[in-house]
Amino acid sequence: DKELSAVNNKLLTIDIPVDVRYHVTKSFYTSVGVSYVGVLDQTQENYFVNGINEHTAADNGNAVYAPENMKQSFKGNAVNTNEFNGFVNFSVGKKMQVGKKLSVAVEPFVKLPIGGLKSTDLNYTNGGLKVVTSF
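The following paragraphs examine the structure supplied in this document. Throughout this document, residue positions are counted from 1 along each chain, in the order its sequence is written. Owing to the predicted nature of the model, reporting of local features is limited to residues with pLDDT of at least 70; listing and counting of side-chain atom pairs is limited to 80 or more, with chain, interface and lining totals taken over all residues. The basis for every side-chain value is the complete set of heavy atoms in the structure, and neither hydrogens nor water enter the calculation.

Examining the overall build of the chain
Part 1 of the argument: Scanning the chain from terminus to terminus reveals 0 helices and 6 strands.
Part 2 of the argument: Taken from N to C terminus, the helices and strands of the chain fall in the order β-β-β-β-β-β.
Part 3 of the argument: Between buried and exposed lies partly exposed: a residue is buried under 20% and exposed over 50% of the maximum accessible area for its type, with that area taken using a 1.4 Å probe on protein chains only. The 135 residues of the chain split such that 24% are buried.
Part 4 of the argument: Any two residues having at least one pair of non-hydrogen atoms within 4.5 Å are treated as being in contact. Here the analysis covers contacts within the chain between residues at least 6 apart in sequence; of these, 61% occur between residues at least 24 apart.
Part 5 of the argument: As displayed, the chain has an accessible area near 9400 Å², and 56% of this comes from carbon and sulfur atoms. Only runs of H or I of at least four residues qualify as helices and only runs of E of at least two qualify as strands under DSSP, and these elements are numbered from the N terminus. All accessible-area figures derive from a Shrake-Rupley calculation using a 1.4 Å probe, and residue coverage is judged against the displayed protein chains alone.

Observations concerning the side chain of Gln-42
Part 1 of the argument: With respect to the helices and strands, the residue Gln-42 is situated in strand β2 (residues 28–59).
Part 2 of the argument: Here a polar contact is taken to be a pair of N or O atoms separated by no more than 3.5 Å, where protein atoms must pair a possible hydrogen donor with a possible acceptor and residues adjacent in sequence count only if both atoms sit in side chains. There is a polar contact of 2.9 Å between the side chain of Gln-42 and the backbone oxygen of Val-79.

What about the side chain of Glu-107?
Part 1 of the argument: The topology assignment puts Glu-107 in strand β5 (residues 103–115).
Part 2 of the argument: The contacts of Glu-107, once residues within four sequence positions are left out, are Arg-21, Tyr-29, Ser-91, Val-92, Gly-93, Gly-128, Leu-129, Lys-130 and Val-132.

A word on the nonpolar core
Part 1 of the argument: By nonpolar core we mean a set of buried residues, namely Ala, Val, Leu, Ile, Met, Phe, Trp, Tyr and Cys, connected to one another through side-chain atoms within 4.5 Å. Listed in full, the 6 residues of the largest apolar core are Val-37, Val-39, Val-79, Phe-87, Leu-117 and Tyr-124.
Part 2 of the argument: Excluding its chain neighbours within four sequence positions, the residues that come into contact with Tyr-124 are Asn-9, Leu-11, Val-79, Phe-87, Lys-111, Pro-113 and Leu-117.

Now the structure itself:
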């Protein structure tokens, strides 16, 4: 009996965003938009634990068994490339002047999957912090 213990999915994409930015004040802004995601390559590895397979030790008549780990790799289609794949993007930012011509913006963001990315078994929601410089 095999039991699935882990999944590793590698997805190589190109992400093309279209955002609208609204300046709340001179230095504070918010942004919302969508992005198209083109899937260039995807690979999935499934890790299984095979049931009891090998006798390794015995203690007072109680046997201890070691499970066998297996890895199965395939070029799968976790993400359907024939569907629209993309994200809805949300962010807020604070722009700070560093010099006469140089400014730095700190922008926390979150990207929520839509289309084919939303209908997969894996959660592609992601976020982070952008640091944007302009001069």
